[in-house]
Amino acid sequence: MEEVIGGLGWAFEAVAANKGAPGPDRQSIEQVREHLSEVMPNLRQALLSGNYQPGDIRRVWIPKAGGGQRGLGIPNVIDRMVQEAVRQALEPVYEPTFHPNSHGFRPKRSCHTAIQQAQEYLQTGREWVVDIDLENFFNGVNHQRLMARLAQRVWDKRLLRLIGQMLKARIVMPDGVVVSNDEGVPQGGPLSPLLSNIVLDELDWELQERGHCFVRYADDANIYVKSERAGQRVMASVSEFIERRLRLKVNTAKSAVAQPQERHFLGFSLRREPLDDSVQVGLSKRTKERIDSKIRELTPRNWGGSLQACIAKINAYVIGWMGFFGICTEQVENTLRALDAHIRRRLRTLELKHYKRKRTIVKRLIQLGIKAKTAWRGIYAGRKSWWALSHTSVVDRALRNSLWDARGLKSLAQQYWLHPKRMVAPKSAQLELAGE
């Protein structure tokens, strides 16, 4: 507990850097900062004496990409600071003993290192994946089992009592109803990722003992096997272990034994090429649907701002998206070019709508170098919607790709080749893991 108290100052700065929303008490990070010198002495004394009582947790719902909603729990700023201090004290105890195949919420590991390890398993001929999805994992962790696991290494009973109080903090629902919390480690607090890894570390070592080749990122676990029949056996035995031993529930609707190219793992889809044994990393079907939806969201039909403002929003998204998905192999380039074409067509549609009248569109096309007769014929030939007009030959020629480049529109295909993975010789993440 003394170590937790000593780290409160660093913990507050870490919480402030995340710029999180206020908890149920509605106090912002800046409001807490103003009174931090008054809060700290009382907080330290309360933690030492055991009188500290965590506040309630504010529940918010965010849409899940696959449908439905995910519940996040937002503690008060002071409680987040205490959770972060506890995390900083516990992480050095647990991190060195976590399994190397666990990649979620850990230093020097990420979704990219998880994908690289999965690639290596496919290259060894394991072309079937046992994709296990844990149903409502973060809200379904058994408190009693988790506290028993913590007590095996944490000798300070004051700290154990504090963690137990945090786990059982009441939840304020969006409608104001306050409910008790008897299980789970709600996502949203700094401590929940570490606690979730402590829970699932038992699964990791069990898979190791059984000799399985697996990759886990948080509650997403993929086990790679050489045949469908072996996969079905593994699915049955591992599911039984998870439900009986860990007291968690496997989502049978989302779990499956399949070939990797048919599954969605951290946004990617993997496929082994039989001719040269290389493993291609592409976009999963769900990721493609997501970016299609986002493009429509960024270029709405009723966009009332300037086209340059719309382009700025697209650029910000494209740069961030490619920073994550830029590790895909070169086969993804055709998909990226198709997405670029779709973005340009939606921007052409917006520009035509801004002109409002066909006569104005024709004048603009003439200014852009289209012959008058061709422009009149192309725009007035038949009744066409804005979307149909955006892909006529005269509009394509006038609002050509180079024009959008000149306006600063970032291309997904161009950003792909500017990704650090292709700009410099990549440092092997697996070599990094092996050296730890």
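In this report, the structure presented in the accompanying data block is examined. (Residues numbered from 1 in each chain as written. Predicted model: local features only at pLDDT ≥ 70, side-chain atom pairs only at ≥ 80, totals over all residues. Heavy atoms only, no water.)

The next thing to look at is the overall build of the protein chain. When its secondary structure is counted, the protein chain shows 21 helices and ten strands. Its C-alpha atoms give the protein chain principal-axis dimensions of roughly 85 × 60 × 40 Å. Looking at the protein chain as a whole, 50% of its 436 residues are labelled buried. In the protein chain, the proportion of contacts linking residues at least 24 apart, taken out of those at least 6 apart, comes to 73%. With the model as given, the accessible surface of the protein chain reaches about 22,100 Å², and the carbon-plus-sulfur share is 51%. Positive and negative side-chain charges in the protein chain, numbering 67 and 46 respectively, have mean positions lying 12 Å apart. (Helix = DSSP H or I, 4+ residues; strand = E, 2+ residues; numbered from the N terminus. Buried < 20%, exposed > 50% of the residue type's maximum accessible area, 1.4 Å probe, protein only. Contact = heavy atoms within 4.5 Å. Areas by Shrake-Rupley, 256 points an atom, 1.4 Å probe, with all protein chains shown as cover. Lys, Arg positive; Asp, Glu negative; His and termini not counted. Charge placed at Lys NZ, Arg CZ, Asp CG, Glu CD.)

What follows covers empty space enclosed by the protein. Evaluation of the coordinates by the stated rule reveals six cavities of 30 Å³ or more. In this structure, the largest cavity encloses a volume near 130 Å³. In terms of lining, the largest cavity is formed by Ile 57, Gly 73, Pro 75, Gln 83, Met 166, Leu 167, Val 185, Pro 186, Gly 189, Leu 191, Ser 192 and Leu 195. At the level of secondary structure, the elements contributing two or more residues to the lining of the largest cavity comprise strand E2 (69-75), helix H8 (157-167) and helix H9 (192-209). Of the residues contributing to the lining of the largest cavity, the split by class is eight nonpolar, four polar and no charged. (1 Å grid on protein atoms, 1.4 Å probe; cavity = no way out; pocket = protein on both sides within 12 Å on 5 of 7 lines; lining within 4 Å. Points joined across faces, edges and corners; volume = space filled by probe spheres on them. Nonpolar A, V, L, I, M, F, W, Y, C, P; charged D, E, K, R; others polar.)

Attention now moves to the sheet that holds strand E3 (residues 128-133). Taken in spatial order, the four strands make up an open sheet running E6-E7-E3-E8, and their pairing is antiparallel. Each edge of the sheet is formed by a strand with only one pairing partner; in this case those strands are strand E6 (213-217) and strand E8 (256-258). Each strand axis lies, on average, 20° off the axis of its neighbour in the sheet, ignoring direction. Across six bridges, the pairing between E3 and strand E7 (residues 220-225) is antiparallel. Residue pairing across strands places Asp 131 opposite Asn 222, the latter belonging to E7. Along the sheet, helix H6 (residues 111-123) makes contact with E6 and E7, crossing E6 at roughly 165°. Sheet strands in contact with H9 are E6 and E7, and its direction is about 170° off that of E6. (Pairing = 2+ DSSP bridges. Axes fitted to C-alpha atoms, helices over the stretch in contact; angles between N-to-C directions.)

With the rule as written, the count across this model stands at 21 salt bridges. Between Glu 30 and Arg 33 there is a salt bridge, with its nearest N and O atoms 3.8 Å apart. With Glu 30 and Arg 33 both in helix H3 (residues 29-34) and three residues apart, this pair spans about one turn of that helix. Put simply, Glu 297 and Lys 294 hold a salt bridge, and the shortest N to O gap is 3.2 Å. (Salt bridge = Lys/Arg side-chain N within 4 Å of Asp/Glu carboxyl O.)

In this section: the state of the cysteines. Taken as a whole, this structure holds zero disulfides when the rule is applied. Cys 111 carries a free sulfur, and the closest cysteine sulfur to it, the one in Cys 328, is 12 Å from it. Relative accessible area serves as the criterion here: at 1%, Cys 328 is assigned to the buried category. (Disulfide = S-S within 2.5 Å.)

On to the side chain of Arg 80. Mapping Arg 80 onto the fold places it in helix H5 (residues 77-94). It is Asp 25 that comes nearest to the buried, bridge-free Arg 80 among opposite-charge side chains, at 7.4 Å.

A few words on a nonpolar patch on the surface. Side chains of Ile 366, Trp 376 and Tyr 380 sit close together on the surface and give an oily, nonpolar patch of about 270 Å² of accessible area. Along the chain, the position of Trp 376 falls in helix H15 (residues 372-380). (Patch = residues over 30% accessible without salt bridge, like charges linked within 9 Å, V, L, I, M, F, W, Y side chains within 5 Å.)

Together, Arg 70, Lys 254, Arg 286 and Arg 290 line one region of the surface with positive charge. Tracing the backbone through its elements, the reader meets Lys 254 in the loop between helix H10 (228-244) and E8.

Attention now moves to the environment of Leu 352. Tracing the chain through its elements places Leu 352 in helix H13 (residues 333-355). On the accessibility criterion, Leu 352 (1% relative accessible area) is buried. Linking Leu 352 and Arg 364, residues twelve residues apart in sequence, is a C-alpha distance of 9.6 Å. Sequence-distant contacts of Leu 352, defined by excluding residues within four places in its chain, comprise Ile 361, Trp 386, Leu 389, Ser 390 and Val 395.

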